[in-house]
Amino acid sequence: MSLQYGAEEDALADSYGVVDSFPKDFGYGVEEAELEEDNPAPGDSKPRILLMGLRRSGKSSIQKVGSHLCTNNRDLFFFFFLAYVSDLVSSSSLSSPPPQKKSGARNFFSPLFYSIFFRSTNTDLNYLEFQDDYMEALTRLNFTVSKAFKVNPEINFEVFIHKVDGLSDDHKIETQRDIHQRANDDLVDAGLEKLHLSFYLTSIYDHSIFEAFSKVVQKLIPQLPTLENLLNIFISNSGIEKAFLFDVVSKIYIATDSSPVDMQSYELCCDMIDVVIDVSCIYGLKEDGSGSAYDKESMTIIKLNNTTVLYLKEVTKFLALVCILREESFERKGLIDYNFHCFRKAIHEVFEVGITSYRTGIHQMSTPNLKAVTHNGTPRNAV
Ligand SMILES: Nc1nc2c(ncn2[C@@H]2O[C@H](COP(=O)(O)OP(=O)(O)OP(=O)(O)O)[C@@H](O)[C@H]2O)c(=O)[nH]1
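If you're wondering where the values come from, they're calculated on a predicted model, not measured in any experiment.

Caption draft 1: The overall build of the chain, seen in detail. The number of helices and strands found in the chain is eleven helices and ten strands. Of all intrachain contacts in the chain linking residues separated by at least 6 positions in sequence, the fraction that spans at least 24 positions is 70%.

Here's what the structure looks like:
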């Protein structure tokens with residue numbers, strides 16, 4: 001695979017495809033065309049995620065489960081260019097390029113590669129396949145991130161310790177601690193104390209990969225602190241236990257309140273979205289198949305037999321609020337609905353400000369608009 005921007009970038013994105021099970025007419029409203037027009041061309045300010053890992057570490061599998069992150073999916077709240085490098089092979093010599101590369105693959109180790117990719121990459125995901133001996137992967141990790149950091153210190157480095165399914169919880173934590181320690185020691189030895197690595201335990205066989213992607217994506221959303229504040233205010237005034245703001249297509253949560261996320265709650269909310277979309281696809285479309293499985297009217301309440309209630313409502317054409325609450329709190333449904341109305345309005349204001357500044361940024365061709373925010377995520381030109 002050749003990784004170059006421009007025409008090839010589109011070809012690359014196309015080759016990833018979009019999971020077929022999701023309705024193609026998911027979006028609604030008229031602004032989509034306008035937004036597309038105003039989208040910067042590839043190579044501008046679109047967040048970029050570059051996946052890297054040793055051969056057979058699981059890059060393509062992760063790419064398949066996360067295929068909604070592809071740039072050709074316009075039904076996403078965020079637009080990413082998700083690329084991956086498949087030729088980071090386990091060559092014995094770090095100084096020479098891998099002897100066997102996939103057809104057309106770029107030499108990962110050349111300075112040209114760094115200047116092209118790392119300068120324009122917001123996030124660099126590295127995959128350490130979990131195995132008893134992960135020393136080689138750690139050496140590679142250190143080599144890659146230190147080179148990338150020297151070219152672009154703004155990159156977020158995210159390390160997925162992948163294929164951890166089958167390990168006991170204790171073993172997972174122990175492994176993560178050991179890898180974290182060794183990776184940081186290597187960086188200190190290399191004089192790169194300022195380089196920060198974040199670690200995640202992932203597997204494609206559960207929701208851990210989506211949860212990890214959620215956290216990676218959140219770091220690229222400048223409005224995150226504002227969204228978290230709004231969610232905190234909403235849940236504390238509504239007697240709700242946990243609330244997620246989901247990108248409906250990818251099932252990545254772009255924000256949640258400040259209480260800790262437990263995997264079970266996240267999975268429950270993901271499953272709810274699946275149920276809602278599946279049922280809407282069967283009963284929500286018109287007889288001629290027109291209409292949308294998710295639109296302004298979308299809202300669902302599911303009461304579980306353990307006194308838990310799940311509450312989903314449309315926030316924007318990309319986003320849904322999914323909440324978990326106790327049955328007794330749901331008795332004040334009127335209050336929850338009213339608070340939701342205020343919350344939804346606030347979210348629209350946050351993103352309208354974002355889009356205005358985004359467009360202004362494009363027209364003025366000034367500094368990257370996503371950076372132009374105050375400490376609480378509000379665009380500076382709107383203050
Ligand atoms: N147990 C387990 N196996 C996984 C996981 N993810 C991927 N695999 C398996 O790992 C093997 C390699 O996965 P690929 O996705 O082809 O790896 P890759 O990094 O794209 O490989 P190359 O393109 O050859 O570099 C496959 O057999 C996958 O089924 C995981 O989370 N857990």
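Caption draft 2: Representation of the pairing of strand E7 (residues 252-256) within the structure. Across the five residues that make up E7, a large majority, five, are buried. As judged from the four bridges shared by strand E6 (residues 242-247) and E7, these two strands associate in the antiparallel manner. Directly across from Phe246, in E7, lies its bridge partner Tyr253. What sits between the antiparallel neighbours E6 and E7 is a turn of four residues, in which Lys251 has the positive phi angle 60°.

Caption draft 3: Looking closely at the site of the ligand. The environment of the ligand is made up of 15 residues, and the closest members are Gly58, Lys59, Ser60, Ser61 and Lys163. The element contributing the most residues to the shell around the ligand is helix H3 (residues 59-65), with three residues. Split by residue class, the shell around the ligand holds two nonpolar, eight polar and five charged.

Caption draft 4: Focus on the packing of helix H5 (residues 135-151) against helix H6 (residues 169-189). Relative to each other, H5 and H6 sit at 40°, their axes nearing to 10 Å. Judged by the angle between their axes, H5 and H6 are oblique. Judged by the twist between their axes, the crossing of H5 over H6 is right-handed. Together, Leu138, Leu141 and Asn142 of H5 and Ile179, Arg182, Ala183, Asp186 and Leu187 of H6 make up the contact between the two elements. Across the contact of H5 with H6, the residue classes break down as five nonpolar, one polar and two charged.

Caption draft 5: Representation of the nonpolar core in the model. Core analysis: the biggest nonpolar cluster contains 70 residues, and Leu245, Phe246, Ile273, Ala320 and Val322 have the highest contact counts within it. The biggest single contributor to this core is strand E10 (residues 319-326), with seven residues. Excluding anything up to four places from it in sequence, Leu245 contacts Leu227, Leu231, Tyr253, Ile254, Ala255, Val315, Leu319 and Leu321.

Caption draft 6: Inspection of unusual backbone geometry at higher detail. The phi dihedral of Lys251 falls on the positive side, at around 60°, and the residue is not glycine. You will see that Thr307, though not glycine, has its phi angle at about 65°, which is positive. The topology assignment puts Thr307 in the loop between strand E8 (299-303) and strand E9 (308-314).

Caption draft 7: Structural detail: the sheet that holds E6. The strand order across the open sheet built from five strands is E7-E6-E10-E9-E8, with neighbouring strands paired in antiparallel fashion. The open sheet is flanked by E7 and E8, the only strands paired with a single partner. Across the sheet, the mean angle from the axis of one strand to that of its neighbour is 20°, orientation sign disregarded.

Caption draft 8: Here's a closer look at H6. An ideal rise of 1.5 Å per residue puts 30 Å on 21 residues; H6 measures up with 30 Å between its terminal C-alpha atoms. When H6 is considered as a whole, its buried residues turn out to be Ile179, Ala183 and Leu187. Projected down its long axis, H6 shows its buried positions confined to an angular sector of 65°, all on one face. When the buried face of H6 is taken as reference, the exposed residues oriented beyond 90 degrees from it are Asp170, His171, Ile173, Glu174, Arg177, Gln181, Asp185, Val188 and Asp189. In the stretch just after H6, Gly191 is the one whose phi turns positive, near 75°.

Caption draft 9: Representation of the domain arrangement of the chain within the structure. The domain architecture assigned to the chain consists of domain 1 (47-69 + 113-220) and domain 2 (222-360). Each residue belonging to the side of domain 1 that touches domain 2 can be placed in one class, and the counts come to four nonpolar, four polar and one charged.

Caption draft 10: Local environment of the environment of Arg182. Among the secondary structure elements, Arg182 is positioned in helix H6. Note on Arg182: 16 C-beta atoms within 10 Å, which makes it partly exposed. Each C-alpha atom of the pair Arg182 and Met135 lies 9.2 Å from the other, and the pair is 47 residues apart in sequence.

Caption draft 11: Structural detail: H5. A rise of 1.5 Å per residue sets the reference length of H5, with its 17 residues, at 24 Å; its end C-alpha atoms lie 25 Å apart and thus fit the reference within 8%. Among all positions of H5, only Ala137, Arg140, Leu141, Asn142, Thr144, Val145, Ala148 and Phe149 are buried.

Caption draft 12: The arrangement of the environment of Phe246 in detail. By the element assignment, Phe246 lies in strand E6. Among all residues touching Phe246, those that are not within four sequence positions of it are Lys251, Tyr253, Cys269, Ile273, Leu319, Ala320 and Val322.

Caption draft 13: Expanded view of the confidence of the model for the chain. When pLDDT is averaged across the chain, the result is 71; 62% of the residues are at 70 or more. Segment residues 84-110: pLDDT under 50, and 44 contacts once partners within four positions in sequence are set aside and those in other chains are kept.

Caption draft 14: Fine view of the pairing of strand E4 (residues 156-162). Burial analysis of E4 places six of its seven residues in the buried class, the great majority of the element. By the bridge criterion, six bridges tie E4 to strand E5 (residues 197-202) in an arrangement that is parallel. Directly across from Glu158, in E5, lies its bridge partner Ser198. Following the backbone out of E4, through H6 and into the adjacent parallel E5, one traces a crossover that is right-handed.

Conventions used here
Residues numbered from 1 in each chain as written. Predicted model: local features only at pLDDT ≥ 70, side-chain atom pairs only at ≥ 80, totals over all residues. Helix = DSSP H or I, 4+ residues; strand = E, 2+ residues; numbered from the N terminus. Contact = placed C-beta atoms within 7 Å. Buried ≥ 20, exposed ≤ 12 C-beta atoms within 10 Å, placed from the backbone. Pairing = 2+ DSSP bridges. Near = placed C-beta within 6 Å. Nonpolar A, V, L, I, M, F, W, Y, C, P; charged D, E, K, R; others polar. Axes fitted to C-alpha atoms, helices over the stretch in contact; angles between N-to-C directions. Parallel < 35°, antiparallel > 145°, perpendicular 65-115°, else oblique. Left-handed = near helix turned anticlockwise from the far one by under 90°. Core = buried A, V, L, I, M, F, W, Y, C linked by C-beta atoms within 7 Å. Expected span 1.5 Å × (residues − 1). Arc of directions from axis to C-beta. Domains from an automatic or database assignment. pLDDT = per-residue confidence, 0-100. Right-handed = clockwise from strand over helix to strand, strands pointing away.

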